[in-house]
Amino acid sequence: MKEQLEQLQVEALEEIKQASTQKALNDVRIKYLGKKGPMTEVLRGMGKLSAEERPIIGELANTVRTTIQSTLDARIEEVKAIELEEKLKAETLDVTLPGRTLTPGHSHLLQQIIDEMEDLFVGLGYTIAEGPEVETDLYNFEMLNLPKDHPARDMQDSFYITEETLLRTHTSPVQARTMLEANGKPIRIICPGKVYRRDEDDATHSHQFMQIEGLVVDESISMADLKGTLEVFVKQLFGETREIRLRPSFFPFTEPSVEVDISCFKCGGKGCNVCKGTGWIEILGGGMVHPHVLEMAGYDSSKVSGFAFGIGVERMAMLKHGVDDIRHFYTNDLRFIEQF
Ligand code: PHE
């Protein structure tokens, strides 16, 4: 029996040594120390031993049992450590690999100009107004003193959706909308937005472009206010030394109406290719809000007056940066876009 126990210990320890997973070690435990294992069997046979032999074999059996048990425990710890090590190795991150670079974009040049204008005018106490791009004939034309069949409608060839709805041809319908909403109160707004005309697209025309509308309505607003305001904005966008010049013009919704020129920022007025030798560049249209337009929107034109202007955003960008084709703004060629 002594040899049997010693043999058992040798075999168990050998198997423990060979086992390299926690599961295998658990199997070894069950095999040697489990209820149906050889140890149990040996202990059961103790009854047959003599009184002298019994304590000796009992002690040996205990030693064998604890030896197997503690060797198992030690080996389990070892295997756990190895398994952890392997897991860590398999999941290693190489922190020295280059990361994914984020290339941050930036605002489009047209948006930059709109932002700059908004900042300037908000600083002057204006608010930003908005209006729908799908507009009714009423706001786009009639409320602006352009009744049906008015010949001046030909100045703005339009995309009609139904007889009464169209893509707005200018941002001026926002004038009418804002006046109706203000309900007789003073107004200071600018409104940037997209507009649409049935133009053939070429280097200076696009069927879709952007405008910034300005509208001020209050007591005793005069042409001097319009001129002063435009001067501030022109100096901000085109440089401190720019001057402006107003020329008589015609819009049905302003009276008097003006075309506004700025002194050429390239040659300073001497004459060059940008200003086509004149020293002046036309940049926008404007005027004093027509009394009919005020009255239609519920204002008493004998008490209040106003001025309005409309600027083409693309045109400003083209002039400012010497862009020779309006289509560059929309084709999203990064070689163009990233220059600004
Ligand atoms: N809406 C006019 C246009 O698109 C510009 C304009 C706006 C003129 C406001 C006068 C006053 O041509």
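Attention here is on the structure that accompanies the text. Treat the numbers as computed from the prediction; the structure is a model and nothing was measured.

1. A word on empty space enclosed by the protein
One simple way to see leftover space: roll a probe sized like a water molecule over the atoms. Following the criterion strictly, the structure yields one cavity of 30 Å³ or more and no others. Estimated volume of the largest cavity: approximately 40 Å³. Forming the boundary of the largest cavity are F141, L146, A152, R153, M155, Q156, F251, P252 and F253. Tallied by class, residues from the lining of the largest cavity come to seven nonpolar, one polar and one charged.

2. Description of the site of the ligand
Neighbouring residues of the ligand: 15 residues in total, closest H170, S172, R197, Q211 and E213. Between S172 and the ligand, the recorded distance is 2.9 Å, taken from a side-chain N or O atom to a nitrogen atom. Between the ligand and the protein, one listed contact pairs an oxygen atom with a side-chain N or O atom of R197 at 2.8 Å. Isolated, the ligand exposes 330 Å² of accessible area, and the fraction of that covered by the protein chains is 92%. Taking a 2 Å distance to the grid points as the criterion, the majority of the atoms of the ligand fall inside the largest pocket.

3. Describing the packing of helix 5 (residues 109-123) against helix 8 (residues 223-238)
Contact pair helix 5 / helix 8: the axes reach a minimum separation of 11 Å and the direction vectors enclose 135 degrees. As far as their axial angle goes, helix 8 and helix 5 are oblique. Considering the relative orientation of helix 5 and helix 8, their crossing is right-handed. Across the interface between the two elements, I113, E116, M117, L120 and F121 from helix 5 touch T229, V232, F233, Q236 and L237 from helix 8.

4. Some details on the sheet that holds strand 9 (residues 304-312)
Sheet architecture is open: seven strands sit in the order 1-4-5-9-8-7-6, paired in mixed fashion. Every interior strand has two partners, whereas the edge strands, strand 1 (127-128) and strand 6 (244-251), have only one. In terms of strand pairing, strand 5 (residues 208-219) meets strand 9 through nine bridges, oriented antiparallel. Following the sheet pairing, V217 is matched in strand 9 by G306.

5. Quick notes on the packing of aromatic side chains
The final tally for this structure, using the stated rule, is nine aromatic pairs. Ring geometry for F307 against F309: centres 6.4 Å apart, planes inclined by 25 degrees, an arrangement best described as stacked. Ring geometry for F329 and Y330: centres 6.4 Å apart, planes at 65 degrees, overall edge-to-face. Residue class for F329 comes out buried when judged on its relative accessible area of 2%. On the accessibility criterion, Y330 (31% relative accessible area) is partly exposed. Joined through ring pairs, the aromatic side chains of F121, Y126, F233, F307 and F309 make up one cluster. A cation over an aromatic ring shows up here: R177 above the ring of Y139, its NZ or CZ 4.2 Å from the ring centre.

What counts, and at which threshold
- Residues numbered from 1 in each chain as written.
- Predicted model: local features only at pLDDT ≥ 70, side-chain atom pairs only at ≥ 80, totals over all residues.
- Heavy atoms only, no water.
- 1 Å grid on protein atoms, 1.4 Å probe; cavity = no way out; pocket = protein on both sides within 12 Å on 5 of 7 lines; lining within 4 Å.
- Points joined across faces, edges and corners; volume = space filled by probe spheres on them.
- Nonpolar A, V, L, I, M, F, W, Y, C, P; charged D, E, K, R; others polar.
- Near = heavy atom within 4 Å.
- Polar contact = N/O pair within 3.5 Å; in protein donor to acceptor, adjacent residues only side chain to side chain.
- Areas by Shrake-Rupley, 256 points an atom, 1.4 Å probe, with all protein chains shown as cover.
- Sits in = over half its atoms within 2 Å of the grid points.
- Axes fitted to C-alpha atoms, helices over the stretch in contact; angles between N-to-C directions.
- Helix = DSSP H or I, 4+ residues; strand = E, 2+ residues; numbered from the N terminus.
- Parallel < 35°, antiparallel > 145°, perpendicular 65-115°, else oblique.
- Left-handed = near helix turned anticlockwise from the far one by under 90°.
- Contact = heavy atoms within 4.5 Å.
- Pairing = 2+ DSSP bridges.
- Phe/Tyr/Trp six-rings, centres within 6.5 Å; stacked < 30°, edge-to-face > 60°.
- Buried < 20%, exposed > 50% of the residue type's maximum accessible area, 1.4 Å probe, protein only.
- Lys NZ or Arg CZ within 6 Å of the ring centre and 35° of its normal.

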